[in-house]
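Okay, here's what each chain looks like letter by letter:
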Amino acid sequence: MANYDLLLLPGDGIGPEVMTEVEGVVDWLNGQTQNSFNVETELVGGSAIEAHGVPVTNETVEKADKADAIVLGAVGGPKWDGVDFEIRPEAGLLRLRKDLDLFANLRPAICYPALAEASSLKPEVVEGLDIMIVRELTGGTYFGEPKEITDLPDGQKRGVDTTVYTTSEIERIVRVACDLARKRSKKVHSAEKRNVMSTGVLWHEVADRIFREEYSDLESHHILADNCAMQLIRWPKQFDVLVTDNLFGDMLSDEAAMMTGSLGMLPSASLGAEQAGKCKSLYEPVHGSAPDIAGTNQANPIATIASFGMSLRYSFDMSEAADIVDKAIANVLDAGLRTADIMQDGMKQVSTSEMGAAIKAEMSKLSA
Ligand code: IPM
Ligand code: MG
């Protein structure tokens, strides 16, 4: 029996609504399992800017650092378009990733059979899809310096972003991907732009050495990131684990998300290095704050509930409970319940809270 500290950061837009459904699942687990979760909630993103003038406070970062896991909803919205770039809502999330050194972002794209028709791709292309995108999360173009807009003498401006990777940053993310591949179908692809970028040349060289020296039991491939984007649309089932840098991973994971039917379906886990058998972790849906539907009880809570489900697996060693969460989601979809984003003919459209309630009810059935 263990007692865990869980920090919830609902954030902006639909974040608070979908997080309410996670709280319901946490309450359910507190009543059902030996372990108990101690839940605290803090602000991040635009809501933190409103309250504190910054997108995340030092106190919240400290709490996040101490928590056993963090679940984040979403940040951002047009309301904060005018704020300084340094304190925009997204900067809160990026600071948490960087300060906690959450370098490994796992983004599984699973197409539930019930949703194969909801994808914009043909059902036979996506049905049964189960890929894992491993995105490097604390380096590359997101954090490289210089990163600035300067004034030129001729009155123009000049914007610069810098893409930087070191050997060890590439090694550690490639190892995470390979370790996952060993537990899955033993196949890994590494995507970069070695034909254009120096970081791509280094990425390829390092990934290739790790593949050969440490993971010769795996089937490993290198692929150019643009070709990878095309192959994902053409025949996604050729991939299993796909490791790539921060910026390519951001784009390829949005692409993979649509194959699962909706961006509202995709969970993610951001993990740090293992220390004394534990690692820092933040779980969040891949989708954004969807300000257009915020507050209307229409958002799909599945990605956020599934993100919490990933925390049960990766942070709390509660794989049985994680299986129940995953199975409950699949069953509810099989039963024909759909939020607006995944609505199809003949199915029953439900609200955010109805979807959450249905998942909890299914969890009770599964554990009875
Ligand atoms: C994501 C998001 C973030 C990113 C934004 C909100 C900063 O798009 O997690 O994929 O670009 O990493
Ligand atoms: Mg993104």
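Residues numbered from 1 in each chain as written. Chains lettered and ligands numbered in written order. Predicted model: local features only at pLDDT ≥ 70, side-chain atom pairs only at ≥ 80, totals over all residues. Heavy atoms only, no water.

## Structural notes on the side chain of Arg135
Item 1. By the secondary structure assignment, Arg135 is in strand E5 (residues 130-136).
Item 2. A polar atom in the side chain of Arg135 sits 3.2 Å from the side chain of Tyr142.
Item 3. With sequence-adjacent residues up to four places away left out, Arg135 is seen in contact with Arg97, Phe103, Ala104, Asn105, Arg107, Tyr142, Ile173, Thr244, Asp245, Asn246, Gly249 and Asp250. (Helix = DSSP H or I, 4+ residues; strand = E, 2+ residues; numbered from the N terminus. Polar contact = N/O pair within 3.5 Å; in protein donor to acceptor, adjacent residues only side chain to side chain. Contact = heavy atoms within 4.5 Å.)

## What about the environment of Asp292?
Item 1. By the element assignment, Asp292 lies in the loop between strand E12 (278-283) and helix H10 (302-314).
Item 2. Residues Asp292 and Val188 lie 104 residues apart in sequence; the distance between their C-alpha atoms is 38 Å.

## Focus on the site of ligand 1
Item 1. If you check the shell around ligand 1, you find Glu90, Arg97, Arg107, Arg135, Tyr142 and Asp250 and nothing else.
Item 2. Take Asp250: an N or O atom from its side chain is 2.8 Å from an oxygen atom of ligand 1.
Item 3. In isolation ligand 1 has 320 Å² of accessible area, and contact with the protein removes 78% of it.
Item 4. Of the residues assigned to the shell around ligand 1, the class counts are one nonpolar, no polar and five charged. (Near = heavy atom within 4 Å. Areas by Shrake-Rupley, 256 points an atom, 1.4 Å probe, with all protein chains shown as cover. Nonpolar A, V, L, I, M, F, W, Y, C, P; charged D, E, K, R; others polar.)

## A few points about helix H4 (residues 89-99)
Item 1. Among the residues of H4, those classed as buried are Pro89, Ala91, Gly92, Leu93, Leu94, Leu96 and Arg97.
Item 2. Taken from the residues just after H4, Asp101 is the one with a positive phi, measuring 55°. (Buried < 20%, exposed > 50% of the residue type's maximum accessible area, 1.4 Å probe, protein only.)

## Notes on the sheet that holds strand E2 (residues 36-41)
Strands belonging to one sheet form pairs held by backbone hydrogen bonds; the direction of such a pair is parallel or antiparallel.
Item 1. Read from one edge to the other, the open sheet built from ten strands follows the order E2-E1-E3-E12-E11-E4-E5-E10-E8-E9, with strand pairing classed as mixed. The open sheet terminates on both sides in strands that have one partner only, identified here as E2 and strand E9 (219-224). For this sheet the average axis-to-axis angle between neighbouring strands, irrespective of direction, equals 25°.
Item 2. The pairing of strand E11 (residues 269-275) with E12 spans five bridges and is classified as antiparallel. Paired with Ser270 across the bridge in E12 is Leu282. (Pairing = 2+ DSSP bridges. Axes fitted to C-alpha atoms, helices over the stretch in contact; angles between N-to-C directions.)

## Considerations on the domain arrangement of the chain
Item 1. Assigned domains within the chain: domain 1 (1-103 + 272-368) and domain 2 (109-265).
Item 2. For domain 1 versus domain 2, the separation of C-alpha centres amounts to 23 Å.
Item 3. Counting residues at the interface gives 21 residues for domain 1 and 22 residues for domain 2.
Item 4. Both faces combined, the contact of domain 1 with domain 2 buries some 2,000 Å², and carbon together with sulfur accounts for 65% of it.
Item 5. The largest share of the area that domain 1 buries against domain 2 comes from Arg97, Lys98 and Phe103, three residues that together contribute 31% of it.
Item 6. At the boundary of domain 1 and domain 2, one finds one salt bridge.
Item 7. The partner of Arg172 in a salt bridge is Asp101, with the nearest N and O atoms 3.1 Å apart.
Item 8. Here domain 1 is connected to domain 2 by seven residue pairs in polar contact (both at pLDDT 80 or more).
Item 9. At the level of secondary structure, the elements contributing two or more residues to the side of domain 1 that touches domain 2 comprise H4, H10 and helix H11 (319-334).
Item 10. Of all the elements, H11 adds the most residues to the side of domain 1 that touches domain 2, at five residues. (Domains from an automatic or database assignment. Buried area = accessible area lost by both parts, 1.4 Å probe. Salt bridge = Lys/Arg side-chain N within 4 Å of Asp/Glu carboxyl O.)

## Structural notes on the packing of helix H1 (residues 15-32) against helix H12 (residues 352-367)
Any two packed helices are characterised by the angle at which their axes cross and by the distance between the axes.
Item 1. Interaxial distance between H1 and H12 falls to 9 Å at its minimum, and their mutual angle equals 20°. One finds that H1 runs roughly parallel with respect to H12. Taken as a pair, H1 and H12 cross one another with a handedness that is right-handed. Contact with H1, carried on its side by Glu17, Val18, Glu21, Gly24, Val25, Trp28 and Gln32, involves Thr352, Ser353, Gly356, Ala357, Lys360, Met363, Ser364 and Ser367 of H12 and no other residues of that element.
Item 2. Among the residues making up the contact of H1 with H12, the classes are represented as five nonpolar, seven polar and three charged. (Parallel < 35°, antiparallel > 145°, perpendicular 65-115°, else oblique. Left-handed = near helix turned anticlockwise from the far one by under 90°.)

## Quick word on the environment of Val71
Item 1. Of note, Val71 is situated in strand E3 (residues 69-74).
Item 2. In this structure the C-alpha to C-alpha distance between Val71 and Phe308, which are 237 residues apart in sequence, comes to 6.6 Å.
Item 3. Those residues within four positions of Val71 in sequence are excluded, and the remaining contacts are Leu6, Leu7, Leu8, Leu9, Met19, Tyr283, Thr304 and Phe308.

## A few points about the packing of helix H8 (residues 225-234) against helix H9 (residues 246-259)
Item 1. Look at H8 against H9: their axes get within 10 Å of each other, and the N-to-C directions meet at 5°. With respect to their mutual orientation, H8 and H9 come out roughly parallel. Across the interface between the two elements, Ala225, Cys228, Ala229, Leu232 and Ile233 from H8 touch Phe248, Leu252, Glu255 and Met259 from H9.

## What about the pairing of E3?
Item 1. Among the six residues that make up E3, six are buried, leaving the element largely enclosed by the rest of the structure.
Item 2. Relative to E3, strand E1 (residues 3-11) runs parallel, the two being bridged by five bridges. When the sheet's bridge partners are listed, Gly11 is paired in E3 with Ala74.
Item 3. Pairing analysis gives two bridges linking E3 to E12, with the strands arranged parallel. Bridge pairing links Val71 to Tyr283 in E12.

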